[in-house]
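Remarks on the overall topology
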Amino acid sequence: MDKEIYYKYFEDNILPVILPFEKRRKNAVKKVIFTSLLFFAAGIIFAGLFILNSLNEFVNPLILPVLLFLMYAFILKSIINIIIEGKNYLKMLVEKVLPMFFEPAANFKRWPDNLDTEAILDTQLFSNFDTREDIYTFFGIYKNVNIKVANSRLTLPVRSSVKSFLFKGTTIQLELPFSINNHVIMISKNNKKFNHYKQINPHIEEMNKYLYVFAKKSENDFLTEDFWNIIKKFGELYNAKSFGLSFKNNVLYIALEQKYPMQFGFLFRSLTKSRNFDDLIERFLIIFDLVDYLLTIKKTS
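Residue indices begin from 1 for each chain and proceed along its sequence in written order. Predicted model: local features are reported for residues with pLDDT of at least 70 only, side-chain atom pairs are reported and counted for 80 or more only, and whole-chain, interface and lining totals are derived from all residues. Side-chain numbers here rest on the full set of heavy atoms in the structure, without hydrogens or water.

Some thoughts on the nonpolar core
Take the buried residues of types Ala, Val, Leu, Ile, Met, Phe, Trp, Tyr and Cys, join any two whose side-chain atoms come within 4.5 Å, and each joined set is a nonpolar core. For the exposure calls, accessible area comes from a 1.4 Å probe over protein chains only, and a residue counts as buried if that area is under 20% of its type's maximum, exposed if over 50%, partly exposed in between. Core analysis: the biggest nonpolar cluster contains 68 residues, and Phe227 and Phe234 have the highest contact counts within it. Per element, the largest residue contribution to this core is twelve residues, and it comes from helix H6 (residues 278-300). The contact partners of Phe234, leaving out residues within four places of it in the chain, are Ile172, Phe243, Ile254, Leu256, Ile286, Ile287 and Leu290. In terms of nonpolar packing, the next biggest core, distinct from the first, is built from 13 residues, Phe126, Phe129, Tyr197 and Tyr253 among them. Put simply, DSSP marks the helices as runs of H or I at least four residues long and the strands as runs of E at least two long, and each gets a number from the N terminus on. We call two residues contacting when some pair of their heavy atoms lies within 4.5 Å.

Quick look at the pattern of salt bridges
Every case where a carboxyl oxygen of Asp or Glu lies within 4 Å of a side-chain nitrogen of Lys or Arg is listed as a salt bridge. Enumeration over the complete set of coordinates arrives at ten salt bridges. Among the ionic pairs, Glu206 bridges to Lys232, the shortest N-O distance being 3.1 Å. Here Lys232 lies in helix H5 (residues 225-237) and Glu206 lies in helix H4 (residues 205-210), a separation of 26 residues in the sequence. With a relative accessible area of 34%, Glu206 lands in the partly exposed category. You can call Lys232 partly exposed: its relative accessible area is 26%.

Notes on the packing of helix H1 (residues 4-55) against helix H2 (residues 63-97)
A pair of packed helices can be characterised by two numbers: the angle between their axes and the separation between those axes. Every angle, taken between N-to-C directions, lies between 0 and 180 degrees, and every axis is a line fitted to C-alpha atoms, over only the stretch in contact when it is a helix. Across the interface, H1 lies against H2 with an axial gap of 7 Å and an inter-helix angle of 170 degrees. By the angle between their directions, the pair H1 and H2 is classed as roughly antiparallel. Angular relationships are summarised with four words: roughly parallel below 35 degrees, roughly antiparallel beyond 145, roughly perpendicular across 65 to 115, and oblique for the angles in between.

Topic: the side chain of Glu22
Among the structural elements, Glu22 can be located in helix H1. Within polar-contact distance, the side chain of Glu22 engages the side chain of Ser270 at 3.4 Å. Apart from the residues within four sequence positions on either side, Glu22 is in contact with Ser270, Leu271 and Thr272. Counted as a polar contact is a pair of N or O atoms within 3.5 Å, where, for protein atoms, one must be capable of donating a hydrogen and the other of accepting one, and residues adjacent in sequence contribute only when both atoms are in side chains.

Describing the sheet that holds strand S1 (residues 109-110)
Any two strands with at least two DSSP bridges between them are considered paired. A sheet is described by the order of its strands in space; here nine strands give the open sequence S1-S2-S3-S4-S9-S8-S5-S7-S6, paired in antiparallel fashion. Looking at which strands have only one partner, the edges of the open sheet turn out to be S1 and strand S6 (198-199). In this structure, S1 lies alongside strand S2 (residues 131-142), joined through two bridges in antiparallel fashion. Looking across to S2, one finds that Arg110 is bridged to Phe138. Seen against the sheet, H5 touches strand S4 (165-175), strand S5 (183-188), strand S7 (211-215), strand S8 (242-248) and strand S9 (251-257) and runs at an angle of roughly 135 degrees to S8.

Written as structure tokens, this is what we have:
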């Protein structure tokens, strides 16, 4: 799919609405720079006092650790201040700006969270987990293919005051209008193997380097170089730490473990320039590219 579709939609529909958010971003940048500079300046002052007192032969030994602590505290505070403001800004992007990009191509809408847990279990990508928590889910239809994208978390069944996650990242589910009458599982080699199928060799050198491939049946016409060239982009575009894919009958399920799911944009990047959203747009486009490929394979098979 051509990225220009999103650019045109941005200019016509998103830009007029997003201007107040851009004003808020500029104010946040001014505020964070001012406060961080104050903290940094205070840290430099305490660093200077530490040096001066270190050179003084009559210095009180209790003063030096206090000055050193204050120096590090204020310098670190100047950095932490930017990080906190960046996280708040990212949260605003996800809640307010991300939904504006739902309309083009698939007309995505917010969807009830924590549905279809059975579909996750059916993938055999994960071992036993205790609970499922979706931060957000949205649903769209592209070329008669149902698409669900979610920021999901699966917790381990352990008793602890701190949650232990089996998985935390983005999940993508495609419900296709045809079935492969098989179950194929692909997992990155930094993941634990978990399924009851035989490992197969798709004879794609780069794929074999990074992924284990298992299948219920050995016949898999869709496992081609073109398929791999699309699939590997998911890991790149979503900054995935690990990758899992299950293709069972008519449902293809992708699990991309990330530290910060669906992250896009940054505090110091303008909201009024469409190309600043390329990382977000490309995450949508790669899903559509995968759908296009699968539908093409079905027509030629």
